[in-house]
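Summary of structural features
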Amino acid sequence: MLINDAIMVLCDYKNWKAVTAIQSRSFLEKCRHIFSAYISSNLLDAAIVGAANAVFLAVMRMPHIFPIALIAGISNMIPTVGPVIGLIAGCLFLVFFRPVNALWFLLFTVALQLLDSYLIKPKLFGSALGVPSFAVLVITLVGGWIFGIWGVLLAVPVAAILLMLWRDKLRPRTPND
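Quantities reported herein were computed from a predicted structural model and do not represent experimental measurements.

Let's shift gears to the overall build of the protein. Helix and strand counts for the protein stand at seven helices and zero strands. Counting from the amino terminus, the protein carries its helices and strands in the arrangement α-α-α-α-α-α-α. Contacts in the protein between residues far apart in sequence, at least 24 positions, make up 57% of those at least 6 positions apart. Surface accessibility of the protein: about 11100 Å² in total, with carbon and sulfur atoms responsible for 76%.

Next comes the structure, spelled out in structure tokens:
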């Protein structure tokens, strides 16, 4: 594909500019779709975590179900520290009414976050962005290790864009493609 572009430049510069503009628009549209899918997946994950918290709190007959579940769900969208913020806020709500509830909430939240981080989120992002689930986990860890909070936040959509570029432009074509 890159060789075709180079030949097009040499042969017909005006036509190449039009094709390049169309390709750029298509690329930007695909990037917009990737970021939109990433944000939608993040919102869905937050809703799952919030709902799981609400069900747990209701089953355990704990007070303040709605605000605790809402805070846990919304804070789950913040990479790395968000679940900790939700945990602390929920425990603070519960410790004043019955301290043992705060302990149960702590145990549940740790288990839920492990499940969310290693199973739910990679599966959601993987299916929405076309990136394998295990790759989502590895990409997030490496992105956070290298670039901190920004790496955790942007590693998956950037990897999805790079994968899209690989599939569309750089991958060697076979006659069956």
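Right, let's get into empty space enclosed by the protein. Under the definition given, this model contains one cavity of 30 Å³ or more. Taken as a whole, the largest cavity holds about 40 Å³ of empty space. In terms of lining, the largest cavity is formed by Val49, Asn53, Ala72, Pro83, Gly86, Leu87, Thr109 and Gln113. Sorting the residues of the lining of the largest cavity by element identifies α2 (13–59), α4 (82–95) and α5 (99–129) as the ones contributing at least two each. Residue composition of the lining of the largest cavity, grouped by class: four nonpolar, four polar and no charged.

This part takes up the side chain of Asn101. Residue placement: Asn101 occurs in helix α5. The contacts of Asn101, once residues within four sequence positions are left out, are Met62, Pro63 and Leu94.

Within the largest apolar cluster, 12 residues are counted, these being Cys31, Ile34, Ala37, Tyr38, Phe125, Leu129, Val131, Val136, Val156, Ala160, Ile161 and Met164. Excluding residues that lie within four positions of it along the chain, Leu129 makes contacts with Ile34, Ala37, Tyr38, Val156 and Ala160. Ranked by size, the runner-up nonpolar core spans nine residues in total, among them Leu57, Met62, Leu87 and Phe105.

Our next topic: the packing of aromatic side chains. Under the criterion given, the structure shown has two aromatic pairs. Ring geometry for Tyr38 and Phe125: centres 5.0 Å apart, planes at 35°, overall tilted. Placement of the pair is Tyr38 in helix α2 and Phe125 in helix α5, with a sequence separation of 87 residues. A relative accessible area of 8% places Tyr38 in the buried class. Measuring from centroid to centroid gives 4.1 Å for Phe56 and Phe108, while their planes differ by 0°, and the two rings are stacked. Here Phe108 lies in helix α5 and Phe56 lies in helix α2, a separation of 52 residues in the sequence.

This next bit is on the packing of α4 against α5. Interhelical geometry of α4 versus α5 gives an angle of 160° and a closest axis separation of 8 Å. In terms of their interaxial angle, α4 and α5 are classed as roughly antiparallel. Along this stretch, α4 crosses α5, giving a crossing that reads as right-handed. Contacts between α4 and α5 involve Pro83, Gly86, Leu87, Gly90, Cys91, Leu94 and Val95 from the first element and Pro99, Asn101, Ala102, Phe105, Leu106, Thr109 and Gln113 from the second. When grouped by side-chain class, the residues that make up the contact of α4 with α5 number nine nonpolar, five polar and no charged.

Once that is clear, we can look at the confidence of the model for the protein. Mean pLDDT over the protein works out to 86, with 84% of the residues at or above the 70 mark. Least confident of the elements in the protein is helix α1 (residues 2–11), whose mean pLDDT is 46; most confident is helix α3 (residues 65–75), at 96. Taken together, the stretch residues 6–12 has pLDDT below 50 and engages in four contacts with residues farther than four places along the chain or on a different chain.

A few words now on α4. If you check α4, its first and last C-alpha atoms are 20 Å apart, about what 14 residues at 1.5 Å a residue would give, namely 20 Å. For α4, the set of buried residues is Gly82, Pro83, Gly86, Leu87, Ala89, Gly90, Cys91 and Leu94.

What counts, and where the lines are drawn
- Residues numbered from 1 in each chain as written.
- Predicted model: local features only at pLDDT ≥ 70, side-chain atom pairs only at ≥ 80, totals over all residues.
- Heavy atoms only, no water.
- Helix = DSSP H or I, 4+ residues; strand = E, 2+ residues; numbered from the N terminus.
- Contact = heavy atoms within 4.5 Å.
- Areas by Shrake-Rupley, 256 points an atom, 1.4 Å probe, with all protein chains shown as cover.
- 1 Å grid on protein atoms, 1.4 Å probe; cavity = no way out; pocket = protein on both sides within 12 Å on 5 of 7 lines; lining within 4 Å.
- Points joined across faces, edges and corners; volume = space filled by probe spheres on them.
- Nonpolar A, V, L, I, M, F, W, Y, C, P; charged D, E, K, R; others polar.
- Core = buried A, V, L, I, M, F, W, Y, C linked by side-chain atoms within 4.5 Å.
- Buried < 20%, exposed > 50% of the residue type's maximum accessible area, 1.4 Å probe, protein only.
- Phe/Tyr/Trp six-rings, centres within 6.5 Å; stacked < 30°, edge-to-face > 60°.
- Axes fitted to C-alpha atoms, helices over the stretch in contact; angles between N-to-C directions.
- Parallel < 35°, antiparallel > 145°, perpendicular 65-115°, else oblique.
- Left-handed = near helix turned anticlockwise from the far one by under 90°.
- pLDDT = per-residue confidence, 0-100.
- Expected span 1.5 Å × (residues − 1).

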